[in-house]
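Tertiary structure, described
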Amino acid sequence: MSKKWQEECGVFGILDTKKTNPDISKLTYYGIFSLQHRGQASAGIVVNHDGQFLCHKAHGLVADVFDDLHLGTLTGHAAIGHVRTPAPNESGYDVVQPMQIKSHSGQIAISINGSILNANELRDSLKEIGAIFQTTADFEVLLSLIARNRVSTDTLEGAIQKMMGEIKGAYALLVMSEDRIIGVRDPLGLRPLVLGKKDDMYLLASENCAFDAIGAETIRDVLPGEIITITEEGYSSIYTVPECDAHKNGKLLRVRLSRKTGQLHRWNERI
């Protein structure tokens, strides 16, 4: 297996706009199970239960980490999940995703596929203003940046947009708060993220094979530099690059992949 594939992780998110589906955790389970090829080191799910976040995660394969008892206790209307291939500097239970914190504006959970090149520099800067870190993982730095930025911005999306201006790297990430799930793709589109729908539920995933596993339809790729928000009202987007550039970068990436694989582009072809 190539080094590039070893650096993969898989993310999956789902939000039921009507809050009537009792099987959110099971759908998330099948979603991350279908992404197992992207990471075999650990798996985790965080569910939003009326504003209270319930989490189960551990080292191991999805089928070993979760059973009916675990899934039965993870009830709610929204969830994010993760399967992980660890980075060289990551070890221990604390780096198993998703990770969650309580911030000034409420609870936040995050799942990420990617690598932040200036994470150490940002961590040192945050420590100087009083931030405390429990792990060496990139995603804890992102959570700290979001929590700090949220104090000075009107929205969670604004805090994330400000964070994107501070970080350097290739990433696709999901952020869940008490009323929404936000999907983010780096401005160059170096990590995949796809939007889907099933009945009254909207979904985000690293690959659309996760949608196939639960009978959902693919709507479209999340564009490079796009911040897409899913709430009870549906989904909406803002862009950290001009929208025309986002469409152009997405088209160029699809063309490169099609030429490389000799096949039509679908995100379930790993990159």
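Residues numbered from 1 in each chain as written. Predicted model: local features only at pLDDT ≥ 70, side-chain atom pairs only at ≥ 80, totals over all residues. Heavy atoms only, no water.

Let us look at the overall build of the protein chain. Secondary structure assignment for the protein chain yields nine helices and 13 strands. Taking all contacts inside the protein chain whose residues are at least 6 apart in sequence as the whole, residues at least 24 apart take part in 62%. (Helix = DSSP H or I, 4+ residues; strand = E, 2+ residues; numbered from the N terminus. Contact = heavy atoms within 4.5 Å.)

Moving on to the pairing of strand 13 (residues 234–239). Direction of pairing for strand 12 (residues 226–231) relative to strand 13: antiparallel, over a ladder of six bridges. By the bridge assignment for strand 13, Ile230 is matched with Tyr235. Counting the residues in the hairpin turn of strand 12 and strand 13 gives two residues. (Pairing = 2+ DSSP bridges.)

Attention shifts here to unusual backbone geometry. Each neighbour pair has its own omega, and for Gln97 with Pro98 the value is 0°, a cis peptide bond. Of note, Pro98 is situated in the loop between strand 4 (78–84) and strand 5 (99–103). For Lys19, which is not a glycine, the phi torsion comes out positive at approximately 55°. Structurally, Lys19 can be placed in the loop between strand 1 (10–16) and helix 2 (24–34). With phi around 50°, Asp50 is a residue other than glycine that occupies positive phi space. Examined against the element boundaries, Asp50 turns out to sit in the loop between strand 2 (42–49) and strand 3 (52–59). Judged by relative accessible area, which is 66%, Asp50 ranks as exposed. (Buried < 20%, exposed > 50% of the residue type's maximum accessible area, 1.4 Å probe, protein only.)

The subject of this paragraph is the pairing of strand 4. Of all seven residues that make up strand 4, seven are buried, and the element is covered over most of its length. With burial as the criterion, each face of strand 4 is covered, one bearing Ala78, Ile80, His82 and Arg84 and the other bearing Ala79, Gly81 and Val83. The sheet contact formed by strand 1 and strand 4 spans six bridges and is antiparallel. Following the sheet pairing, Gly13 is matched in strand 4 by Ile80.

A few words now on the side chain of Ser177. Relative to the helices and strands, Ser177 resides in the loop between strand 7 (169–176) and strand 8 (181–185). Looking at Ser177, its side chain comes within polar contact range of the side chain of Asp179, at 3.1 Å. (Polar contact = N/O pair within 3.5 Å; in protein donor to acceptor, adjacent residues only side chain to side chain.)

At a minimum axis distance of 10 Å, the contact between helix 5 (residues 119–128) and helix 6 (residues 138–151) shows a crossing angle of 45°. In terms of orientation, helix 5 and helix 6 fall into the oblique class. The crossing of helix 5 and helix 6 is left-handed. Side by side, helix 5 and helix 6 meet where Ala119, Leu122, Arg123 and Leu126 of the first sit next to Asp138, Val141, Ser144, Leu145 and Arg148 of the second. Of the residues in the contact of helix 5 with helix 6, the class split is five nonpolar, one polar and three charged. (Axes fitted to C-alpha atoms, helices over the stretch in contact; angles between N-to-C directions. Parallel < 35°, antiparallel > 145°, perpendicular 65-115°, else oblique. Left-handed = near helix turned anticlockwise from the far one by under 90°. Nonpolar A, V, L, I, M, F, W, Y, C, P; charged D, E, K, R; others polar.)

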